[in-house]
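Single-letter residue listing:
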Amino acid sequence: MADKKTYYLTTAIAYASGKPHIGNTYEAILADSIVRFKRAEGYDVRFQTGTDEHGQKNELKAEEAGITPKEYVDATAGEIKRLWDLVGTSYDRFIRTTDEDHKKQVQKIFKKLYDQGDIYKGTYEGMYCTPCESFFTQSQLVDGKCPDCGRDVQPAKEEAYFFKLSKYADRLMKHIEEHPEFIQPESRKNEMINNFIKPGLQDLCVSRATVKWGIPVDFDPKHVIYVWIDALSNYITGLGYDVDGNHDPLYEKYWPADVHLIGKDILRFHTIYWPIMLMALDVPLPKQIFGHPWLLQGGEKMSKSKGNIIYADDLADLFGVDAVRYFVLHEMPFESDGTITWELMVERVNSELANTLGNLVNRTIAMSNKYFGGVVENENTADAEEKVFDDDLKKVVTEAIDKVSAKMDKLRVADAITEVFTVFKRCNKYIDETMPWALAKDEAKQDRLKTVLYNLVESITIGASLLEPFMPETTEKILAQLNTSKREFDEMKEFGKYPNGNKVTDAPEILFARLDLKEVMVKVEEIQAAQRAEAEETKYPEVEKKEEITIDDFDKVQIQVGEVLKCEPVPKAKKLLVSQIRVGNEIRQIVSGIAKYYKPEEMVGKKVAVITNLKPCNLCGVESQGMILAAADDDGNLSVLTVDKDIVAGSEIA
């Protein structure tokens with residue numbers, strides 16, 4: 001027997017800073033459905049997921065909690081693993097970047113790149129985003145904030161090691177051109193080429209000297225290895241890659257990866273930094289990097305203070321695990337973002353799961369028991385008109401496997417599930433066409449009735465078997481009630497393999513009960529109230545302790561009252577407003593990233609606090625001659641700072 005063809009898929013490793021919401025969990029479910037399908041197709045599959053645990057953010061969170069960083073990430077990684085297990089993720093390894101085998105190889109990777117001149121020591125000065133653990137130049141910022149997460153950044157300067165990305169830029173571009181499937185979907189590829197590669201790659205900071213929680217650079221212990229060499233390397237270290245060539249057989253067997261499945265927000269790191277790192281290590285590149293869209297909470301920012309964060313375990317408690325899997329897989333478009341709400345979940349459970357699938361299985365089994373004591377026999381009886389119905393049902397059912405496979409080959413999982421449910425919808429239509437209840441009243445039609453019920457049971461068996469990668473628990477329940485086993489993929493094109501004379505269960509189980517929206521929303525309010533209560537306990541953020549300054553330092557900053565005379569949007573910049581502000585006897589033009597929070601007309605007349613001795617800068621082609629001070633919180637609220645009395649414009653604020 002020939003060896004099975006291998007298939008290696010990875011997810012991004014989740015950052016272990018807290019409990020992941022359903023948008024994060026979606027990726028694990030998506031990956032699981034793909035690898036389950038590949039296993040069913042006969043592939044020898046390796047599936048890896050895990051957690052990214054080092055870095056400043058976790059160091060600070062551990063300090064706030066009064067525990068060690070390792071104790072902190074042990075708890076958060078454990079929670080992530082619990083959720084991945086809850087939703088049925090069938091991974092082969094759950095890797096942690098604190099695993100000793102990973103840490104050892106990361107140090108060796110860093111040393112190899114340094115020894116061959118791809119990493120060098122220098123000094124970094126730029127703007128740093130703590131949540132993203134990323135440095136940015138002033139030109140890379142968007143409205144003065146992190147271009148990835150939109151949060152505030154702080155100036156930072158420190159000694160660091162750098163990786164020569166530009167050295168490999170042409171080689172990477174050539175690989176992308178010669179392998180059009182390398183970055184998918186196509187729109188993501190165009191974004192990476194036009195926004196990052198063509199403008200020119202800057203060397204990448206790959207160490208930190210001011211952070212302690214990380215893998216030390218073994219030949220320079222005051223540095224720890226920065227997130228991307230540490231985190232990205234998991235895809236090969238988890239297989240037993242060894243810099244010295246003493247690889248584990250798993251690496252030899254499964255690398256290169258068939259798919260890196262990641263969120264679109266970290267596409268740059270996986271399609272630029274990671275391939276270049278592999279090129280420098282002389283390691284083959286993965287075959288494909290797929291950037292999936294986001295699952296959004298009703299178009300609204302999620303926060304505990306609003307009580308609107310949706311977690312997988314809360315969803316599973318209310319709807320069941322497979323209902324959650326169905327929803328996130330079916331509702332996510334191929335490229336654009338998807339939406340999840342409690343109301344939409346109820347609607348889908350009632351219409352698709354309870355009605356289309358659950359009711360079909362229940363009444364098919366109920367009719368088999370009512371009319372024939374549960375015994376299913378194929379008399380293969382049909383007149384010319386009836387044969388049309390039978391043939392069309394069989395055609396839809398037996399052609400489904402090829403249609404689903406074609407969708408899955410392109411990772412169009414939502415479309416694949418739609419094809420599976422086409423089988424169940426055709427079965428429901430077949431019941432309406434054949435009217436078993438009418439056949440039951442005619443003694444001469446008993447053989448025809450047996451044939452109809454056999455065709456239904458056989459069709460449901462194939463459909464349920466095809467459903468298994470997406471809803472494994474439901475498949476198991478359906479097949480158990482039909483008293484049969486899962487149909488192999490290569491058998492699905494042959495209709496009629498359900499054992500003639502087999503007996504279905506005499507006590508069918510309701511697969512999905514219809515839900516009352518009002519009752520569900522009562523429970524949702526309890527969940528949200530608990531979130532709000534937890535948020536209230538930690539309402540006030542920890543004050544960030546910056547370096548102390550003297551009164552002389554403060555005197556260097558000139559803050560004055562400014563009166564907004566005119567305000568309008570900046571062309572082609574959705575987030576920016578440009579204001580004409582009177583400060584004393586002069587008019588200043590100041591550009592601010594506040595368009596999301598204020599309409600231009602709302603700004604006119606306000607007396608705001610303005611820093612007036614900032615060096616002018618150019619934002620989206622418009623000169624800005626200062627800065628309006630504003631306050632923002634973690635829930636996405638922002639307020640410009642105003643004076644509460646009629647103070648003359650130009651007055652000093654001290």
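Since the model is a prediction, treat every value here as computed from it, not as a measurement.

The rules we used
Residues numbered from 1 in each chain as written. Predicted model: local features only at pLDDT ≥ 70, side-chain atom pairs only at ≥ 80, totals over all residues. Heavy atoms only, no water. Helix = DSSP H or I, 4+ residues; strand = E, 2+ residues; numbered from the N terminus. Buried < 20%, exposed > 50% of the residue type's maximum accessible area, 1.4 Å probe, protein only. Areas by Shrake-Rupley, 256 points an atom, 1.4 Å probe, with all protein chains shown as cover. Lys, Arg positive; Asp, Glu negative; His and termini not counted. Charge placed at Lys NZ, Arg CZ, Asp CG, Glu CD. 1 Å grid on protein atoms, 1.4 Å probe; cavity = no way out; pocket = protein on both sides within 12 Å on 5 of 7 lines; lining within 4 Å. Points joined across faces, edges and corners; volume = space filled by probe spheres on them. Nonpolar A, V, L, I, M, F, W, Y, C, P; charged D, E, K, R; others polar. Pairing = 2+ DSSP bridges. Contact = heavy atoms within 4.5 Å. Axes fitted to C-alpha atoms, helices over the stretch in contact; angles between N-to-C directions. Left-handed = near helix turned anticlockwise from the far one by under 90°. Core = buried A, V, L, I, M, F, W, Y, C linked by side-chain atoms within 4.5 Å. Patch = residues over 30% accessible without salt bridge, like charges linked within 9 Å, V, L, I, M, F, W, Y side chains within 5 Å. Salt bridge = Lys/Arg side-chain N within 4 Å of Asp/Glu carboxyl O. Arc of directions from axis to C-beta.

Along its length, the chain carries 21 helices and 26 strands. Taken over the C-alpha atoms alone, the chain extends approximately 100 × 65 × 45 Å along its principal axes. Relative to its full complement of 654 residues, the chain shows a buried share of 51%. For the chain, the exposed surface amounts to about 30,200 Å²; the carbon and sulfur share of it is 49%. Of the charged side chains in the chain, 84 are positive and 109 negative; the average position of the first set lies 2 Å away from that of the second.

What follows covers empty space enclosed by the protein. For the structure on display, the rule yields 2 cavities of 30 Å³ or more. Taken together, Phe372, Val375, Val376, Glu377, Lys450, Leu453 and Tyr454 make up the lining of the second largest cavity. At the level of secondary structure, the elements contributing two or more residues to the lining of the second largest cavity comprise β16 (375-376) and α17 (446-467). The element contributing the most residues to the lining of the second largest cavity is α17, with 3 residues. Here the residues of the lining of the second largest cavity are counted per class, giving 5 nonpolar, no polar and 2 charged.

Our next topic: the sheet that holds strand β9 (residues 204-205). The antiparallel open sheet is built from 4 strands, whose spatial order is β6-β5-β7-β9. Of all the strands in the sheet, just β6 (134-136) and β9 have a single pairing partner and so form its edges. Two elements, strand β5 (residues 119-129) and β6, share 3 bridges in a ladder whose sense is antiparallel. Across the sheet, the residue bridging to Met127 is Phe136, located in β6.

In this fold, Ser459 is placed in helix α17. Among all residues touching Ser459, those that are not within four sequence positions of it are Leu393, Val397, Val423, Cys427 and Phe495.

Packing of helix α13 (residues 342-372) against α17 brings their axes to within 10 Å, and their N-to-C directions diverge by 145°. Regarding α13 and α17, the two cross each other, and that crossing is left-handed. Here Leu357, Leu360, Val361, Thr364, Met367, Ser368, Tyr371 and Phe372 of α13 lie close against α17, whose contacting residues are Gln446, Leu449, Lys450, Leu453, Leu456, Val457, Ile460 and Leu467. Along the lines of polarity and charge, the residues of the contact of α13 with α17 split into 12 nonpolar, 3 polar and 1 charged.

If you look at the biggest cluster of nonpolar residues, it comprises 98 residues, and the most contacted ones within it are Ile22, Ile34, Leu315, Phe319, Leu466 and Phe470. The greatest single-element share of this core, amounting to 13 residues, is contributed by α13. In contact with Phe319, not counting residues within four places along its chain, are Trp342, Met345, Val346, Val349, Leu515 and Val520. Ile119, Ile183, Leu204 and Val206 belong to the second largest nonpolar core, which has 66 residues in total.

In the sheet, strand β18 (residues 559-570) pairs with strand β19 (residues 573-583) via 7 bridges, with the strands oriented antiparallel. Paired with Cys567 across the two strands is Ser579, which belongs to β19. Summarising the sheet, β19 and strand β20 (residues 586-592) pair through 7 bridges and their orientation is antiparallel. In the sheet register, Val578 faces β20, and the bridge partner there is Val591. Between β19 and β20, which pair antiparallel in sequence order, lie 2 residues; one of them, Gly584, sits at a positive phi of approximately 65°.

Before going further, it helps to examine the sheet that holds strand β21 (residues 607-611). If you walk across this open sheet you meet the 5 strands as β20-β19-β18-β21-β24, and the pairing is antiparallel. Each end of this open sheet is capped by a strand with a single partner; those strands are β20 and β24 (627-628). In this structure, β18 lies alongside β21, joined through 5 bridges in antiparallel fashion. If you follow Gly562 over to β21, its bridge partner there is Val608.

Bringing a nonpolar patch on the surface into the picture now. A contiguous nonpolar patch, built from Ile549, Ile551 and Phe554 and spanning about 310 Å² of accessible area, is present on the exposed surface. Looking at the element boundaries, Phe554 is found in helix α20 (residues 551-555). Of the residues examined, Phe554 reaches a relative accessible area of 35% and is grouped as partly exposed.

A word on unusual backbone geometry. In this structure, Pro185 follows Gln184 across a cis peptide bond, with omega equal to -5°. Mapped onto the fold, Pro185 is located in the loop between β8 (183-184) and α6 (186-197). Positive phi outside glycine occurs at Asp143, with the angle close to 55°. For Asp143, the location among the structural elements is in the loop between β6 and β7 (154-163). Of note in the backbone geometry, Leu411 takes a positive phi value of approximately 60° without being a glycine. Its location among the elements puts Leu411 in the loop between α14 (384-409) and α15 (413-434).

Right, let's get into the environment of Asp553. Mapped onto the secondary structure, Asp553 falls in helix α20. For Asp553, a relative accessible area of 31% corresponds to the partly exposed category. Sequence separation of Asp553 and Tyr430 is 123 residues, and the distance between their C-alpha atoms is 81 Å.

When you tally the buried positions in strand β1 (residues 6-11), you get 5 out of 6 residues, the bulk of the element. Inspection of the sheet shows β1 paired to strand β12 (residues 259-263) by 3 bridges, in the parallel sense. Across the sheet, residue Thr10 finds its bridge partner in β12, namely His260.

Taken as a whole, the second largest pocket spans an internal volume of roughly 210 Å³. When residues of the lining of the second largest pocket are traced back to their parent elements, those giving at least two are β1 and α14. Split by residue class, the lining of the second largest pocket holds 5 nonpolar, 2 polar and 5 charged.

Along the chain, Ile95 falls in strand β4 (residues 93-96). Between the C-alpha atom of Ile95 and that of Thr49, which follows or precedes it by 46 residues, the distance is 6.3 Å. The residues touching Ile95, leaving out its near neighbours within four places in the chain, are Ile13, Gln48, Thr49, Gly50, Thr51, His102, Asn234, Thr237 and Gly238.

Helical geometry note: an α-helix holds 3.6 residues per turn, so side chains three or four residues apart project in the same direction. Here helix α5 (residues 169-178) has its buried residues at Ala169, Leu172, Met173, His175 and Ile176. In a view along the axis of α5, the buried residues occupy a sector of 160°, so they form one face of it. Exposed residues pointing more than 90 degrees away from the buried face of α5 are listed as Asp170 and Glu177. Packing partners of the buried residues in α5 comprise β8, α6 and α10 (267-281).

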